[in-house]
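Descriptive analysis of the structure
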Amino acid sequence: MDFGIFTFGELSRDISTGSALSPRQRLTEIIELAKLADQAGLSFLGLGEHHRRDFALSAPEIVLAAIARETTNLRLSTAVTVLSTQDPVRLFEQFATLDLISDGRAEIIAGRGAFIESYPLFGHNTDDYDGLFDEKLRMLLQLRDNASLSWKGTLTQSIPGMDIVPRPVQEQLPVWVGVGGTPASFARAGRLGLPLFIALLSGPQRFRRLAELYRHSADEAGHDAASLPVGVGGHFYAAATSQQARDTFYPHYRAYFEQNMPRPVDHFPRSTFDDWSEPGGGLLVGSPQQITEKLLEIHQTLGNSRYMAQIGLGGLPFAETARSIELLATEIMPAVNREIG
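Read on for a plain summary of the structure. (Residues numbered from 1 in each chain as written. Predicted model: local features only at pLDDT ≥ 70, side-chain atom pairs only at ≥ 80, totals over all residues. Heavy atoms only, no water.)

1. A closer look at the overall build of the chain
The cut-off we apply is this: For helices the rule is a DSSP run of H or I covering at least 4 residues; for strands it is a run of E covering at least 2, with both sets numbered from the N terminus onward. Within these notes, the globule rule equals 2.2 Å times the number of residues to the 0.38 power, and the radius of gyration is based on C-alpha atoms. Summary of the burial criterion: residues with accessible area below 20% of their type's maximum are buried, those above 50% are exposed, and those between are partly exposed, where the area comes from a 1.4 Å probe applied to protein chains only. Should any heavy atoms of two residues lie within 4.5 Å, those residues are considered in contact.
For the chain, the helix and strand inventory stands at 11 helices and 12 strands. On C-alpha atoms alone, the chain measures out to a radius of gyration of 19 Å, which is about the 20 Å that the 2.2 N^0.38 rule sets for 341 residues. Expressed as lengths along the three principal axes of its C-alpha atoms, the size of the chain is roughly 60 × 40 × 40 Å. A burial count over the chain gives 55% of its 341 residues as buried. Partitioning the contacts of the chain with sequence separation of at least 6, the portion at a separation of at least 24 is 71%.

2. Here we look at the side chain of Thr 301
Stated precisely, the cut-off is as follows: The term polar contact refers here to a pair of N or O atoms within 3.5 Å; inside protein, the definition further demands a hydrogen-donor-capable atom paired with an acceptor-capable atom, and it admits residues adjacent in sequence only when both atoms are side-chain atoms.
Looking at where Thr 301 falls in the secondary structure, it is placed in helix H10 (residues 288-302). Side-chain polar atoms of Thr 301 contact the backbone oxygen of Glu 297, separated by 2.8 Å.

3. Considerations on unusual backbone geometry
The peptide bond linking Ala 79 to Val 80 adopts the cis configuration, its omega dihedral lying at 10°. Inspection of the secondary structure assignment puts Val 80 in the loop between strand E3 (75-78) and strand E4 (81-82). Between Val 165 and the following residue, Pro 166, the backbone shows a cis peptide bond with an omega angle of -5°. Among the structural elements, Pro 166 can be located in the loop between strand E7 (159-163) and strand E8 (175-179). Of note in this structure, Asp 103 is not a glycine but carries a positive phi near 60°. Along the chain, Asp 103 turns up in the loop between helix H3 (88-102) and strand E5 (108-111). Residue classification places Asp 103 among the exposed positions, given a relative accessible area of 62%.

Here it is, written out as structure tokens:
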């Protein structure tokens, strides 16, 4: 299994002092964490896209380009690109350029987005939420596969046989589909034969049937479902013991839920946090052994070949995040891969 990290670059305020990192500080931290992940042997870095004052990453492609020059092995991607409100041509140009800069390490994870602020910001209507994504995804795949493109758009522009440049280092730029819990999204990714990234915000059993739907849809469309990569990702924090992990992480996780979610909550209780951290829950917070056991359950349930840990949530200090990444790379990743072969 491949292991990696991702972040949305949230700017959570400390619940005691009320202060938060500046966007400049947060971006500096993200670049340093990427270097640490690369040196530790992880294989993937994803940066989310948000357009609110409580997030530092509205232009993840630029930050990924900076990280490309500081790393050598990490696959570099968005997590996710809100494709519905992007221009697919510009997006492909940016990632083809990133691929050139990084010597063939760029990927795109495209999704519709749980946060909807980009729709009015870029002149789109949320009534077209699904239609925009469907058409732009088909357009992006055509851009990926053709150096010259003719395209008749309905919700997108029409292109009269124009060059699509530059072309990436990779023969085919990887495009994944990021999904939450909507069955139609799983089925669409399967029909198109695209790799799948599941945002695992609850226990894996909830997604078993959806993963089966994805693979069934792929088979029906003539794709080899067994060869299609499935990645899962979710909230993560590791420490030496489970109790230490929970006690350290809870105040920051609470801050994240109360400040940075699409619909922030008034209070996120410790009892809910503890329930989600238990076996079978979707929150991977605990000792390396406990997290390893959860990852093995996820793999057995969903058959994923990649795990992506969302790190540094809720203003968690840099040192704590760095130590958590080190445990992921040095203890959890080897233990999981020993078990699954």
